[in-house]
Structures are given as structure tokens and as C-alpha cells.
Amino acid sequence: MRFEGIGASPGTALGRAVVFVHRLPAPENSAGVFLGVEEELARFRGAVKTVHARLLDLAKEGGEKFGADKAGIFEGYAEILTDDEIEERAGAFISGGLTAAGAGQKIMEELAGEWENMEGPYMAQRASDLRDLGRKLSLAASGGEDPELPSLSEPSILVADELSPFETAALDHRLLKALALDSGGYTGHVAILARSLGIPCAVGLGGASSQVKSGELCALDGDRGFFILNPGQNEIEIFNSREEEKASFAPLPETVCTRDGVSISVCANIGSVAEATLAKERGADGVGLLRTEFLYMNRLPGEDEQYAAYARILETLDGRPLTIRTMDIGGDKEFPALGLAREENPFLGFRAIRIGLKERGVLKTQIRAILRASALGKAEIMFPMIISPGELKEAKAMLEECGKELEKGGLAWGRPPAGIMVETPAAALMAGELAAEAEFFSLGTNDLTQYTLAVDRGNPKVASLYDPLNPAVLRLMAMSADAAAKAGIPAGICGELAGDETALPLLLGLGLVKLSLSGPKIPLIKKAIQNLDTDSCRALARETLARADAGEVRALLQRFP
Ligand code: PEP
Ligand code: MG
């Protein structure tokens, strides 16, 4: 039985299931006897205090496990609990006859409903976190323990209806082979934590948890986002060989070349300070994409705070290059600190560089921090969502302005190479003009695919149409790579396609010299590059570009060499 969902953290796993489904009585029935308004209110306040303290502990623990920046996830939920509105809502429910335990659940259920109705998937994907918070309040108020989370006794695939960041943090990660979740999305907290731990994860699998029993054999593909219950012999062999492959790829610390001596830089995509260490351990030649949104999770970060984060990553990378992408907030990433209005089409709206060029102070603070970090190591600055040379010129003018200000202020700074993400069809179509202004290109195939094919990258209903190997996307990639070559600037890729080993010969054939991908795939991709020859890759690329659909392209790639 196969369940289709969204790949949320790369890698594959084959193993026995441990099923975890949340069950709690309806709020009206939870924790029995009503002890009177005052008593229940006191109980409610006690529960809030207990859960609040637990969250702060988790923030500390989580900081150690996932990196300090992820501690903010738990701090954020702790903050919600201390909001006056929570106490007000509790008062209303309790006056209406609900117990403290029932009120805790009900309030969070209400809030979750409100978040689910917000525009864009970002808040909706966090609604289940609130439900879990409600369960925790309810249990704390009724003196109950959190009995549900299974303890793993052997390496297992956890199959759950949903999982909160609190539960994810509490699991024994050494025994967690993969995560299969009915709900959730790519940008949900569980997905973020799974990626930073290198645990394969698929989300949005629908009713998987209600069909699987603990102990049953299952297979999960976190790259393509599917889950198989009771896989057949053929599938077992494929998944087994992938596991063997994974084990046989020791990290290669040096930069690798193709058989004919073309050097290809294989870098990591990271989204936190802590992941830089993991990237280095996996043999990354540097960081090709630092997603800086983590800095903006709860508030606008100051210049010094950002500088400190970039400096720490550069120090960890020990002389390796670091490409810092300026903030890509907006789109599906909600950002309360800027008070942005909700939009009908957030992916086509006020996002990334568009915010930066309007809210100039916000972007300038980031640019100044990046310029200061450039004095410490090999940093590069990369602008997202560019659609025209004019935007790039404007961003570069801001960069010059920031340099002058730093100079005047007597602060040490460096001038980093400035490049762009090519992730809109407009950028690919204008690649010639953009290459005259940019010092490098990085193909953002995640967005380039969604914008070229008009397919929302996070919507499971159209997931089968979302395919970066669609020749329409490939032709735009080729146009961009050709324009870069003509202008003499390097072109790379930092979309998820960079970690797809079947696509690798095509990517090299297009002339890309830098691949930036999620950490766990780095050893495998480095090894595979050494077996390729750029002449035959180029011939393959020419052939794929002449094909009419993604299926034909995939067939060609699978037959290669
Ligand atoms: C992309 O769009 O391909 C990309 C790498 O950026 P993000 O996934 O952060 O939008
Ligand atoms: Mg993008």
C-alpha cells in the first residue's frame, strides 16, 4: 500500500513501524469533576506555569540538540502561553462550566482553528503544535502524565497522525530511522527539525497512521515524499541497496573532479548555525546556501546578532566559502515582526528582495552584517527572487552604500562577490542582462519549477505536476547556465534537484560547477561526480533538452550512461 505526500527531509529508510496516534477525550469530558470557578482557574494557572517551565527546559535542551537558533521554536510557544488572551479565554470557558483541563484543550483547539484559516500554509502547518500544547495543558491541569509518546527500543520508522516539535525533541533520535506523518508541510517545525537532524521524513501522507500497525515493515522516501506499507520484494531490494549505498559513502573532505578533470564544488544548504558543523562533517566544500530566515523567526534581528551568527558559521567552515542569501521572508513564510498584511497570492506577492528594496532599513542591516562578516572569511552575498537587472542594480547600490557607511564608522568589512538566485522564469529569460551585473548565478529550482509550471510547491493536490525535470524548467536552466558561461561567471544550483543523483549528469552537462544540497546527500553526490565525464554529460543534456515531457527526460537519465 502506497501513500503519497511531500518529501520533507531527504533520505530513505526501510524498517519496522512504530505507530503513534493522539487520543484524548473531548474537552467536555476531560478530567471529570468541576471544582468551581475559582478552583479551576487556579488549576489552569498552575498548568500554564508547569507547561511554560517545561517549554523553557525544552528550549535549553533543544538548543543543545538542534542548535541554539531552533530553541526559538520552544520559546515562541512558551510566549503564547503567557499571553493575557489565554487567561481571558480560560476565564470564559471555566465560567461556562468547563474544567481547567477541558479549557486548556479548548483554547488551543480554537487557536489552532484560527491559525488554520490564515492565508498560506506557514501558520496552518503549526496549528497541530497548538493542539499538542492543548493536550499538555490538559494533562498538567488534571495531574496526568504525557503517557502517549512511544519509547523506541530498536531502529524504527515512526508513523504518526501528527507530531509536535515537543514530541520530536523528546524522541530518541538515534533509534529514529524516519518519520512518516499524516499531516504537516515542508516548512513545518517537524520538517525543519528532521532536516537539521538528517532524519528522512515525509509529511502530508493522509491516513497512513490509521492503516499501519506497529511492527509492520514499511519504507519511506523523504526525497520524493512517499511511504509504502508492506513493500514488495522488489521495493525492499531497492530500499536495501540505497541503505547499503548510504553506508558505503564515507565523507570526502577534498573537492572532487569529474573523470576528465573538471572540478565541481559540492556545498551544503543550511538554515542554522549548528548545521555548519554537520555540513563540514559530511565533507561539504562550503555552504552554497545559507537560508537566513531562521534569524527572523520571532523578531527583526539586529546587525550585531546577525554578524555574530555569520561569523560563527565562517569560523566553523574554517576557510571554506559561505554564500549568505539575504532574507527570503514572505511567500509561505509568515513574518509577524514586520506586520505584513495577508495576501491573496503570497508566492506572487511581497516576498524576499521585494521586501528588502522597500523596507530598506531591514535589508541594509543584513547587508552591513554580511559585509562585516566578509572581513573574516570567504563570504558571498546572494539576492533571492530577482526578476530584473534593475532590482539587482538597486541591491548592489545598497551594498556600496553600506560599504561606505562601515568605512566611515571605522568598522572592518570586506566586499563579497554578489550573485543572484535564478528562481523566476523572468530571471532565466533575462539571464544575459543579469549575468552582466551578477558575479554568480545559483539556480533555485524549487521556486523556478513552481513559477514555470504554475504549480504550488507545497500543495499535495498538484504534487504530481511539480517536476523540475519538466523540459520547460530544464530549458530555462540551460538558458541561465549558457548566459553565465558567456559572461564568464560561475553558475551553480541550490534547489533540491542538486541532491538528485539521477539528475547529476544532466546538471554537469548544463555546465553547472557548484552544487549545493541538503547535507546527508553530499558524500553520495561527491562520489558520483568522480565517475562522470563532462563530454557525455553534455551530450546527455542536449538530448534531454530536446524532449517533450518529464517522463521522457527521466527515462533518458535512468538509462545513462
Ligand atoms: C529554491 O527556490 O530553489 C531555493 C533553493 O530556495 P528556497 O527553497 O529557500 O525557496
Ligand atoms: Mg526559492
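Summarised in this report is the structure supplied together with it. Computed from a predicted model, the values in this text were never measured in an experiment. As a convention, each chain's residues are numbered from 1 in the sequence order in which they are written. Chain letters and ligand numbers both follow the written order, the letters beginning at A and the numbers at 1. Residue-level local features of this predicted model are given only where pLDDT is at least 70; pairs of side-chain atoms are given and counted only at 80 or more, and the full residue set underlies all totals for whole chains, interfaces and linings. As a rule here, side-chain values cover all heavy atoms of the structure and leave hydrogens and water aside.

Moving on, we get to the overall build of the protein. Each helix corresponds to a stretch of at least 4 residues labelled H or I by DSSP, and each strand to a stretch of at least 2 residues labelled E; elements are numbered beginning at the N terminus. When helices and strands are tallied, the protein shows 23 helices and 17 strands. Only the C-alpha atoms count toward the radius of gyration. The rule for a globule is 2.2 Å times the residue count to the power 0.38. For 561 residues, the compact-globule estimate of 2.2 N^0.38 gives 24 Å, and the C-alpha radius of gyration of the protein, at 24 Å, lies within 12% of that figure. Viewed in the frame of its principal axes, the protein has a C-alpha envelope of about 80 × 65 × 40 Å. Think of it in three bands: residues with accessible area under 20% of the maximum for their type are buried, residues over 50% are exposed, and the middle band is partly exposed, with areas taken using a 1.4 Å probe on protein chains only. Scored against the burial criterion, the 561 residues of the protein give a buried share of 56%. Residue contacts follow a heavy-atom distance rule, with two residues in contact if any of their heavy atoms lie within 4.5 Å. Excluding contacts between residues fewer than 6 apart, the proportion of contacts in the protein whose partners are at least 24 apart in sequence is 69%. Per-residue accessibility takes into account occlusion by the displayed protein chains alone, with areas from the Shrake-Rupley method and a 1.4 Å probe. A total accessible area of about 22,500 Å² is found for the protein, and carbon and sulfur atoms account for 52% of it. Computed over 59 positive and 80 negative side-chain charges, the separation of the two mean positions in the protein equals 4 Å. For the purpose of counting charges, residues Lys and Arg are taken to be positive, whereas Asp and Glu are taken to be negative. His and the chain ends are not included. Here the site of a charge means NZ on Lys, CZ on Arg, CG on Asp, or CD on Glu.

Looking at the element boundaries, D500 is found in the loop between β16 (491-493) and α20 (504-509). Despite its burial, D500 pairs with no opposite charge; the closest candidate is R224, at 4.4 Å N-O. Excluding its chain neighbours within four sequence positions, the residues that come into contact with D500 are R224 and I525. Salt bridges, as used here, are contacts in which a Lys or Arg side-chain nitrogen is within 4 Å of a carboxyl oxygen on Asp or Glu.

Moving on to the sheet that holds strand β8 (residues 226-229). Sheet architecture is open: eight strands sit in the order β1-β8-β7-β3-β4-β5-β6-β2, paired in mixed fashion. Unpaired on one side and paired on the other, β1 (2-4) and β2 (6-9) mark the two borders of the sheet. Sheet twist, expressed as the mean angle between neighbouring strand axes with direction ignored, is 30°. Strand pairing requires that DSSP identify at least two bridges connecting the strands. With five bridges connecting them, strand β4 (residues 156-160) and strand β5 (residues 176-181) associate as parallel partners. Within β5, the position partnered with S156 by the bridge is L176. The convention used is that axes are lines fitted to C-alpha atoms, helices contributing only their stretch in contact, and that angles between N-to-C directions extend from 0 to 180 degrees. Of the strands in this sheet, β2, β5 and β6 (201-203) are in contact with helix α8 (residues 189-197), which crosses β2 at around 55°.

Consider each residue's heavy atoms; a residue with any of them within 4 Å of a molecule or strand counts as near. Close to ligand 1 lie 14 residues, the nearest being R291, G444, N446, D447 and R457. Nitrogen and oxygen atoms within 3.5 Å of one another constitute a polar contact, given that in protein one can donate a hydrogen and the other can accept it, and given that sequence-neighbouring residues count only through two side-chain atoms. Interatomic distance of 3.0 Å between a side-chain N/O atom of D447 and an oxygen atom of ligand 1. Those elements giving two or more residues to the shell around ligand 1 turn out to be β11 (287-291) and α18 (445-453). No other element matches the three residues that α18 contributes to the shell around ligand 1. Among the residues forming the shell around ligand 1, the class breakdown is three nonpolar, four polar and seven charged. Think of it as three bins: nonpolar holds Ala, Val, Leu, Ile, Met, Phe, Trp, Tyr, Cys and Pro, charged holds Asp, Glu, Lys and Arg, and polar takes everything else, Gly as well.

Attention now goes to the packing of α18 against helix α19 (residues 471-487). In contact at an axis separation of 9 Å, α18 and α19 are set at 125° when each is read in the N-to-C sense. Relative to α19, α18 is oriented oblique. Two packed elements cross with a definite hand, and for α18 against α19 that hand is right-handed. Residues T445, L448, T449, T452 and L453 of α18 pack against A472, V473, L476 and M477 of α19. Partitioned by chemical class, the residues of the contact of α18 with α19 number six nonpolar, three polar and no charged. Here roughly perpendicular refers to angles of 65 to 115 degrees, roughly parallel to angles under 35, roughly antiparallel to angles over 145, and oblique to all remaining angles. Left-handed describes a crossing whose near helix is turned anticlockwise from the far helix through less than a right angle; right-handed describes the clockwise counterpart.

Turning our attention to the pairing of strand β3 (residues 12-20). Counting buried residues in β3 gives seven out of nine residues, a clear majority hidden from the surface. Sheet topology places β3 next to strand β7 (residues 217-221); five bridges connect them, and they run antiparallel. By the bridge assignment for β7, T12 is matched with D221. Pairing of β3 with β4, which is carried by five bridges, proceeds in the parallel orientation. Residue pairing across strands places R16 opposite S156, the latter belonging to β4.

Moving on: the coordination of the magnesium ion (ligand 2). The magnesium ion (ligand 2) binds to the protein through E423 (OE) and D447 (OD); the donor distances cover 2.0 to 2.1 Å. A residue pair is termed long-range when its members are at least 10 positions apart, and E423 in the loop between β14 (418-422) and α16 (425-429) and D447 in helix α18 qualify at 24 residues. Classification of E423 as buried rests on a relative accessible area of 1%. For D447, a relative accessible area of 2% gives the class buried. Each metal's donors are the N, O and S atoms within 2.8 Å of it, or within 3.2 Å when it is Na, K or Ca, and because water is not part of the set, sites may look incomplete.

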